[in-house]
Amino acid sequence: MKITWKKAAGAALAAAGYIIWQKKELKKFRISQYEMASRKINHDIKLVVISDLHSFSYGKDNDALIRAVCAQKPDLILLPGDLIVSREREHYDVALNFVRRIAPFAPVIFSNGNHESKASEPLSDYYRDYQAYRRRLEAAGVIVLNNESRDFTVRGACVRVSGLELPLSAYRKWKKPHLESGFISQKLGVPEEGKFQILLAHHPAFAEQYAAWGADVAVCGHNHGGLICIPGLGSVISPQFMLFPKYDAGEFRFGDRRVYVSRGLGTHTFHIRIFNRAELLCITVKGKNGSKKERGLGTIWN
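Residues numbered from 1 in each chain as written. Predicted model: local features only at pLDDT ≥ 70, side-chain atom pairs only at ≥ 80, totals over all residues. Heavy atoms only, no water.

### Description of the nonpolar core
Of all hydrophobic cores here, the largest spans 33 residues; its most connected members are Ile50, Leu83, Tyr133 and Leu280. With six residues, the top contributor of residues to this core is helix α3 (residues 92-102). Dropping the residues within four chain positions of it, Tyr133 is found in contact with Leu83, Ile84, Tyr92, Ala95 and Leu96. Listed in part, the 24 residues of the second largest apolar core include Ile109, Ile143, Val219 and Tyr260. (Core = buried A, V, L, I, M, F, W, Y, C linked by side-chain atoms within 4.5 Å. Buried < 20%, exposed > 50% of the residue type's maximum accessible area, 1.4 Å probe, protein only. Helix = DSSP H or I, 4+ residues; strand = E, 2+ residues; numbered from the N terminus. Contact = heavy atoms within 4.5 Å.)

This is how it looks when you write it as structure tokens:
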């Protein structure tokens, strides 16, 4: 088949247009708002979820993203993993400086994603750099919960936040993710009755297990919204190269419990987002008595 100069020029223009579009698209993010209700709390609580930043910066020093976080007036800031790209040690400071600047807004709670879990392995090439980064993260005021829980008093309600670190085997490429039965209870125990339970768990594949364990709200990331989305069909492929991931992005309901999956804010390896804009995830948990007029109650952690 003979390729004419017009066809070649058209293909070149289409390729150039695609590259320009993606360069612009990767510099944008949206704010996605969700609401749910709980009888375990009296007054509304605002949660902001930042997942899969991967040391990306929106504008100079992440100013655009920081302004967006501040504008939400969060009660808790939840980071369910992958603030960094494990192998890109030279960019760890981007994530560190970002959390330093949002720490004054509200308690910042972090749990490992697969990139942090990989870097924290003693035999990892990045182990020393990651341990130094981790110490500085905690010094900045970030509460790190890996298979741990902590209680907070948020607007008069008792809230327990747990961070689940999943085994690296759960992230193997080309393989359907698997989690042993009872794994969550083994690592975190059983949720305490009456306390509003939040779970940070990086991989959304186990959403049903998170809800069955007792998480009133679970927040996840990892799938990056499926990288490529087809309008009307949904996400195409996960970072593990699984086609049409079930829990790609958005809200998933299990009775009165919810699992929220962020599309993430950064990328790595494959720097594409096709009809799949990055997002800052915001969740308002509606209490029995509605919004509290006086915002001075604040958050206390124990």
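Once you've had a look at it, read on.
### Digging into the packing of aromatic side chains
Throughout the structure, instances matching the rule amount to nine aromatic pairs. With a centroid separation of 4.8 Å and an interplanar angle of 65°, the aromatic rings of Phe56 and Tyr58 are classed as edge-to-face. Between Tyr130 and Tyr133, the aromatic rings sit 5.6 Å apart at their centres with planes inclined by 45°, giving tilted as the arrangement. Placement of the pair is Tyr130 and Tyr133 together in helix α5 (residues 127-139), with a separation of three residues, close to one helical turn. The class for Tyr133 is buried, based on a relative accessible area of 2%. Here a set of aromatic residues connected by ring pairs shows up, and it is made of Phe29, Phe56 and Tyr58. (Phe/Tyr/Trp six-rings, centres within 6.5 Å; stacked < 30°, edge-to-face > 60°.)

### A short note on α5
With 13 residues, α5 extends 18 Å between its outermost C-alpha atoms, agreeing within 8% with the 18 Å of an ideal straight helix rising 1.5 Å per residue. Its buried side turned inward, α5 meets α3, β4 (108-110), α4 (114-119) and β5 (143-144). After α5 finishes, the residue Gly141 shows a positive phi value of roughly 105°. (Expected span 1.5 Å × (residues − 1).)

### Here's the deal with the pattern of salt bridges
Under the definition given, this model contains 16 salt bridges. For Glu279, the salt bridge goes to Arg30, with nearest N and O atoms at 3.8 Å. You can see Glu279 sitting in strand β14 (residues 278-286) and its partner Arg30 sitting in strand β1 (residues 29-37), a full 249 residues away along the chain. Judged by relative accessible area, Glu279 falls into the buried class, the value being 1%. Between Arg160 and Glu192 there is a salt bridge, with the nearest N and O atoms lying 3.3 Å from each other. With Arg160 in strand β7 (residues 157-164) and Glu192 in the loop between α6 (183-188) and β8 (196-201), this pair connects stretches of sequence that are 32 residues apart. Here the residues in one salt-bridge network are Asp151, Arg160, Glu192 and Lys195, joined through shared partners. (Salt bridge = Lys/Arg side-chain N within 4 Å of Asp/Glu carboxyl O.)

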